[in-house]
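Topology and contacts: notes
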Amino acid sequence: MYEPIRTKSVHSTVDGPNPDFPHRSREEELDIQLAGHLAALLAVTDELRATQSSADLDTAAERLAEQVGRLRGGRTPVRAPMSGRRERGTAALHRRAHALAGRALVVAASRADTAAAILAAERMDAHTAALEPRELASR
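Below, the structure is looked at part by part. Treat the numbers as computed from the prediction; the structure is a model and nothing was measured.

1. Examining the overall build of the chain
Broken down by element type, the chain carries four helices and zero strands. In the chain, the order of α-helices and β-strands from amino to carboxyl end is α-α-α-α. A buried classification covers 32% of the 139 residues belonging to the chain. For the chain, the proportion of contacts with a sequence separation of at least 24, taken over those separated by at least 6, is 73%. As displayed, the chain has an accessible area near 9300 Å², and 55% of this comes from carbon and sulfur atoms.

2. Section: the pattern of salt bridges
Evaluated as defined, the whole model comprises eight salt bridges. Across the pair aspartate 56 and arginine 123 runs a salt bridge, and its minimum N-O distance is 3.4 Å. Taken together, the positions of aspartate 56 in helix H2 (residues 55–71) and arginine 123 in helix H4 (residues 114–137) put the pair 67 residues apart, joining distant regions of the chain. We classify aspartate 56 as partly exposed; its relative accessible area is 43%. When its relative accessible area of 5% is taken as the criterion, arginine 123 is described as buried.

3. Examining H2
Across its 17 residues, H2 extends 24 Å between first and last C-alpha, which sits within 8% of the 24 Å expected from 1.5 Å per residue. Those residues of H2 lying buried are Leu57, Ala60, Ala61, Leu64, Ala65, Gln67, Val68, Gly69 and Leu71. If you check the start of H2, you find a side-chain oxygen 3.2 Å away from the backbone N of aspartate 56, and it comes from serine 54. Count one or two residues on from H2 and you reach glycine 73, which has phi positive near 70 degrees.

4. Here we look at the packing of helix H1 (residues 26–51) against helix H3 (residues 90–111)
Relative orientation of the contacting elements H1 and H3 amounts to 160 degrees, with a least axis distance of 9 Å. Taken together, the axes of H1 and H3 are roughly antiparallel relative to one another. For the element pair H1 and H3, the recorded crossing hand is left-handed. For the contact of H1 with H3, the per-class residue count stands at 14 nonpolar, six polar and six charged.

What counts, and at which threshold
Residues numbered from 1 in each chain as written. Predicted model: local features only at pLDDT ≥ 70, side-chain atom pairs only at ≥ 80, totals over all residues. Heavy atoms only, no water. Helix = DSSP H or I, 4+ residues; strand = E, 2+ residues; numbered from the N terminus. Buried < 20%, exposed > 50% of the residue type's maximum accessible area, 1.4 Å probe, protein only. Contact = heavy atoms within 4.5 Å. Areas by Shrake-Rupley, 256 points an atom, 1.4 Å probe, with all protein chains shown as cover. Salt bridge = Lys/Arg side-chain N within 4 Å of Asp/Glu carboxyl O. Expected span 1.5 Å × (residues − 1). Polar contact = N/O pair within 3.5 Å; in protein donor to acceptor, adjacent residues only side chain to side chain. Axes fitted to C-alpha atoms, helices over the stretch in contact; angles between N-to-C directions. Parallel < 35°, antiparallel > 145°, perpendicular 65-115°, else oblique. Left-handed = near helix turned anticlockwise from the far one by under 90°. Nonpolar A, V, L, I, M, F, W, Y, C, P; charged D, E, K, R; others polar.

Written out as structure tokens, the structure is:
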């Protein structure tokens, strides 16, 4: 009824997978993604630390740096110096940090990384709590 395909598909390589092309597993990809989200959250946390002094933010920054280092194979994250930063509203920074922590939580959950998921959830709660008085006052 149908004639068999006699030519190679244009959608596959002739020799199979190319050994020169780096291939990563799903877990490696999730590690990279989670490290990126946590590094971005660390940057926003450092910005918040520059605008307001808080032991909670200092502790969170250290824990975030530890998790990023763990996910990157022991390499510590590069952190910008605290001085010379442009000022943004703290409410905007808290909203940004909350969104980044939410993204990190989703990736940590799909990766089954309990430590990172707990840290992300704690940061979401902290940034929500920091926003609540401001949001209620603006209404």
